[in-house]
Amino acid sequence: MTIGLDLAVDGLAGVMLGLIVVAGIPVLAHARRSVAAEHRRRVQGLLVVFAAAMAVLVTADDLLLLYLAWEITSVVSFLLIGTTHTAAYAREAARRALFVTGAGGLALLVAILVLVQSTGERTLSGVLAAGIQGTEGVVVAALVLLAVATKSAQWPLHRWLPGAMAAPAPVSAFLHSATMVKAGVYLALRISPLLAGVALWDTAIVVVSAVSLLLGGWRALRAEDLKALFAWSTISQLGMLVLVVSAPVPKALLGGAALVVAHALAKSALFLSVGTIDAATGTRRLDDLVGLGRRWPVVGVTVTIAVASLAGMAPTYGFVAKEAALAGLLSGDPVRAWVLVAGSVLSAAYAWRVATMLWGRPVTKVSIDRVPRAMVAGPVGLVGLVTLLGTIWPLGDAVANAAATSVSTKAGEAHLVLWPGLVPALGLSVLSLAAGVALATAVGRLRAPDVAPGTTPPVDVVGMLLDLPGRLGRGLELVLRPTASDRTVGILLLAAGLATLLPTLGDTGALPAVDLGGDPVVWAAMLAVLAGAGVAVVTPQRFSSVLSVGVVGFAMVGWFVRIGAPDLALTQALVETVIVLAFLLALRRAPATPSRRDATRPVALTVRGAVAVAAGLGAAALALAVSSTQRISDVGARVADRAIPDGGGRNIVNVILTDVRALDTLGEITVVGVAALGVLRLLTPDRIQTPDRPLEVR
């Protein structure tokens, strides 16, 4: 498969591109003023890279190109979350986000491979036209659901998003509310027509989005940190979006497309406002910000309009969008409709809590420092768009219709209106607002352990998975540490030798006969191998032992040259040279003569001899077994036939490494290089002395 630059800009892609631009401009302006000077250029550059990746993601028709852009957004998000890389909580939050979203990316890749294999199409438009059913449909549904849940922070893979709030406010506004987390919603919107009718998809996505909607709303209602409140409400609102856009109801699809726009604009304004408030007051605690709107009306009105849109209050765009979605679901999918009503109650509750905090009494005495106008103007412009699209509803209807009709042409039959009339949807909306106010009043004084941005929750499955390799390593260290280093090596050699020797003992007749022939050079090489091995065992000097081991390796070089394998001879010579030099460097600080405390202990010598014999026989048996089963496959025969005309080489191995799998070879070289840098860092002292002063490397 190849990655093609197949891009397509339809109505949905155009709307998403508009969101990237409209949200990106105030975010970059805010970052220029709010991000610390030492991180500013890096953050701004990564934001631009992220915007480009998102633009490719929403316009990609080639499935592998979509996947590539999907993964780039995850990597850039990791880098941006860890902006304050000296803080442990930021590093942990970045690692957690990359782990979860990376796992979702792998699921998406497997889903793409299944789609390509089953439909024969490698473009999104081709797959949607071909359709999928049967077992392949179930597999794709499960994998796409996993990708959506990880990217859009849906239960039970949602906990990375509150931690990601360790990033600067502009990053949270752009990535974790307006664009990146919308990638999962975008995928669900695009792929829902393909998976409609697959029972697993129809059921599981309702359960996942419903739990996310309700759980996120409840946690937002009880949060004490303003940014944490908006983080949990983002999870809740994303659950609402996934719930609506995945419904096979045209009018709900229209409302869902409008909700995507309304949420992106409002949430971007809220996170930018949080950054502005934090920069001016030095706090995000709700108890410390009571009455802030009375002292800072511009910010107070901005935040109030934004949360009103999230709660679905007129005349915001969130109101007209939610009314269309609820009306469509009531007529086409009542289960989703009632889940949406329950989520709306929680949305109204935490919106009411924020509003009462802003305009309540007693007014906070916290000092408010002056901030650059760009940090205030950006959120004001975003909420202005939210209000404009709601009050001038034909404009908002045109935006939503452009996006929805790209997925289903039937969605164009419905329209958004500011006043729907006295219909059941409007009545349920009024009741949900009233119930939300009552709920906020009832639980407003309750205090709960708040999961502040960048902290780890008490029960954390993802954290346990991330810590698993470290735990296993520490356990292995506890097992091996009490033993001497030679015993540790002996355990590993014995295990490797027995693992390769035992399977061949059951069928020794299958091993090929060994014929060294009568070539004196080959016999001389073999005798040199035996002599070098013997001297390495009996010599009392470490230096002599190392040189004897080198003799063994270079004797094999002569054998390879004699049998006509110069590439193997060159590789063996290089490896042997590096090994001998490494040994000599390691022995610089070691005594010239090893300890012989076990020289008079027959049991120890016997055990060491048995381990050496088992390891040697195991390696020999493995080599013989592999050589006896070698067969030239059809692919191998074709490669051999094309080696000279296409690769220009007679050595098939070299042609494969440099032509057939050149990218794999480059990847292996890169891995070795990265490993070498890691080893170099481990060998570097913790403190580097400079001419001026000591510099501690952390």
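Refer to the structure above for everything that follows.
The structure contained in this document is the topic of the report that follows. (Residues numbered from 1 in each chain as written. Predicted model: local features only at pLDDT ≥ 70, side-chain atom pairs only at ≥ 80, totals over all residues. Heavy atoms only, no water.)

## Comments concerning the pattern of salt bridges
Put simply, the rule is: Should a side-chain nitrogen of Lys or Arg be within 4 Å of a carboxyl oxygen of Asp or Glu, the pair is scored as a salt bridge. Comment: elements are numbered from the N terminus, with helices defined as DSSP H or I runs of at least four residues and strands as E runs of at least two. A simple rule labels every residue: compare its accessible area, found with a 1.4 Å probe on the protein chains alone, to the largest value its type can have, and call it buried under 20%, exposed over 50%, or partly exposed in between.
Tallied over the entire structure, the rule returns nine salt bridges. Here Arg 190 ties to Asp 10 by a salt bridge, and the two come within 2.8 Å at their closest N and O atoms. On the criterion of sequence distance, the pair formed by Arg 190 in helix α9 (residues 180–195) and Asp 10 in the segment before α1 (11–34) is long-range, its members being 180 residues apart. According to the relative accessible area criterion, Arg 190 is buried, its value standing at 11%. Arg 95 serves as the salt-bridge partner of Glu 92, at 2.9 Å between the closest nitrogen and oxygen. Here Glu 92 pairs with Arg 95, and both are found in helix α4 (residues 88–119), just three residues apart, close to one helical turn.

## A closer look at the packing of aromatic side chains
Put simply, the rule is: Centres within 6.5 Å are what make two rings of Phe, Tyr or Trp a pair, Trp counting through its six-membered ring; a difference in plane orientation under 30 degrees is then read as stacked, over 60 as edge-to-face, and the rest as tilted.
With the rule as written, the count across this model stands at three aromatic pairs. Look at Phe 50 and Phe 174: their rings are 5.9 Å apart centre to centre, the planes differ by 70°, and that puts the pair in the edge-to-face class. With Phe 50 in helix α2 (residues 37–59) and Phe 174 in helix α8 (residues 169–178), this residue pair connects regions lying 124 residues apart in the sequence. You'll find Phe 50 and Phe 174 in the same group, each marked buried. Centre to centre, the rings of Trp 559 and Phe 560 are 5.9 Å apart; their planes meet at 20°, and the pair counts as stacked.

## Some points on empty space enclosed by the protein
Our working definition: Whether a set of points on the 1 Å grid over the protein atoms alone is a cavity depends on a 1.4 Å probe fitting there but being unable to get out, while an open set qualifies as a pocket with protein on both sides within 12 Å along at least five of seven lines; lining residues are those with an atom within 4 Å of a point. Grid points are joined across faces, edges and corners, and a volume is the space filled by probe spheres set on the points. Classes in brief: Ala, Val, Leu, Ile, Met, Phe, Trp, Tyr, Cys and Pro nonpolar; Asp, Glu, Lys and Arg charged; the others, Gly included, polar.
Applying the stated criterion to the full structure yields five cavities of 30 Å³ or more. What the largest cavity holds in volume is close to 80 Å³. Every residue along the wall of the largest cavity is listed here: Leu 63, Leu 66, Leu 108, Ala 111, Ile 112, Leu 115, Leu 124, Val 144, Leu 187, Arg 190 and Ile 191. When residues of the lining of the largest cavity are traced back to their parent elements, those giving at least two are α3 (63–81), α4 and α9. Per-element tally for the lining of the largest cavity: the top contributor is α4, with four residues. Counted by class, the lining of the largest cavity contains ten nonpolar, no polar and one charged residues.

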